Amino acid sequence: DAKTTQPPSMDCAEGRAANLPCNHSTISGNEYVYWYRQIHSQGPQYIIHGLKNNETNEMASLIITEDRKSSTLILPHATLRDTAVYYCIVMYSGGGADGLTFGKGTHLIIQP
Amino acid sequence: DTAVSQTPKYLVTQMGNDKSIKCEQNLGHDTMYWYKQDSKKFLKIMFSYNNKELIINETVPNRFSPKSPDKAHLNLHINSLELGDSAVYFCASSQGSGRAYFGPGTRLTVT
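Only a predicted model underlies this, so the values are computations on that prediction, with no experimental measurement involved.

Analysis parameters
Residues numbered from 1 in each chain as written. Chains lettered and ligands numbered in written order. Predicted model: local features only at pLDDT ≥ 70, side-chain atom pairs only at ≥ 80, totals over all residues. Heavy atoms only, no water. Helix = DSSP H or I, 4+ residues; strand = E, 2+ residues; numbered from the N terminus. Contact = heavy atoms within 4.5 Å. Buried < 20%, exposed > 50% of the residue type's maximum accessible area, 1.4 Å probe, protein only. Salt bridge = Lys/Arg side-chain N within 4 Å of Asp/Glu carboxyl O.

We now examine the environment of Gly-99 of chain A. Of note, Gly-99 of chain A is situated in the loop between strand S8 (84–92) and strand S9 (106–111). Sequence spacing of Gly-99 of chain A and Thr-56 of chain A is 43 residues, and the spatial spacing of their C-alpha atoms is 24 Å. Setting aside residues no more than four positions away along its own chain, Gly-99 of chain A makes contact with Met-91 of chain A together with Tyr-33, Tyr-35 and Ile-45 of chain B.

Let's shift gears to the environment of Gly-105 of chain A. Residues and elements named next belong to chain A. Considering the arrangement of structural elements, one finds Gly-105 in the loop between S8 and S9. Since its relative accessible area comes to 9%, Gly-105 is described here as buried. For the pair formed by Gly-105 and Gln-38, sequence separation is 67 residues and the distance between their alpha carbons is 9.5 Å.

All names here are of chain B. Scanning the entire structure with this criterion turns up 4 salt bridges over all chains. Among the salt bridges present, the one from Asp-85 reaches Arg-63, with a minimum N-O distance of 2.8 Å. Of this pair, Asp-85 sits in the loop between strand S8 (75–78) and strand S9 (87–94) while Arg-63 sits in the loop between strand S6 (53–56) and strand S7 (64–67); the two residues are 22 residues apart in sequence, bridging distant segments of the chain. As far as burial versus exposure is concerned, Asp-85 and Arg-63 are alike and both buried. Look at the salt bridges and you will find they share partners, linking Arg-63, Glu-82 and Asp-85 into a network.

The following block contains the structure:
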């Protein structure tokens, strides 16, 4: 019962913007969208999260549609080190005790 | 300083043995977790522990038990190891939100 749908894989040229889509059409009003990534053999790494407004930090930007049914993670200038599996996760703000429910994610491959 | 650390990084053992994996976080977080990543790379929550309250994923066998000597530690004990327990185990911590910090993982191989 995945709450999110992501493409299994994507390619992006080094130096270009990588745009990773995520569908979460059943998201409820108090659920946030979180993005994590897992670089090969490492622990997952938090990237960014948002509720309804677009968000930006030093790693990425998160664009959430007005109806909140989908979002896009943007890595503005992808490097080879951004090759990883990216996970889009929805959860409500007080749901930390339940842990994160990871789907299959998107395997992003940055091409030189 | 490493935020979430785990030991050992690799663990090779035989079926039937009992083993433990240690986890420590220096972030002052109130919730710690154990996740399992199997050979197909699927990451699943096993346990979360907060203020002495343990939340268990119902699919986790009772051979697995987390033990928290204090707020900064959540160790994973596994009894009677089976071949299917081979996986990478990740410890994580958070302040009760979706922003979690993960350890580097422990690769367990049961032979």
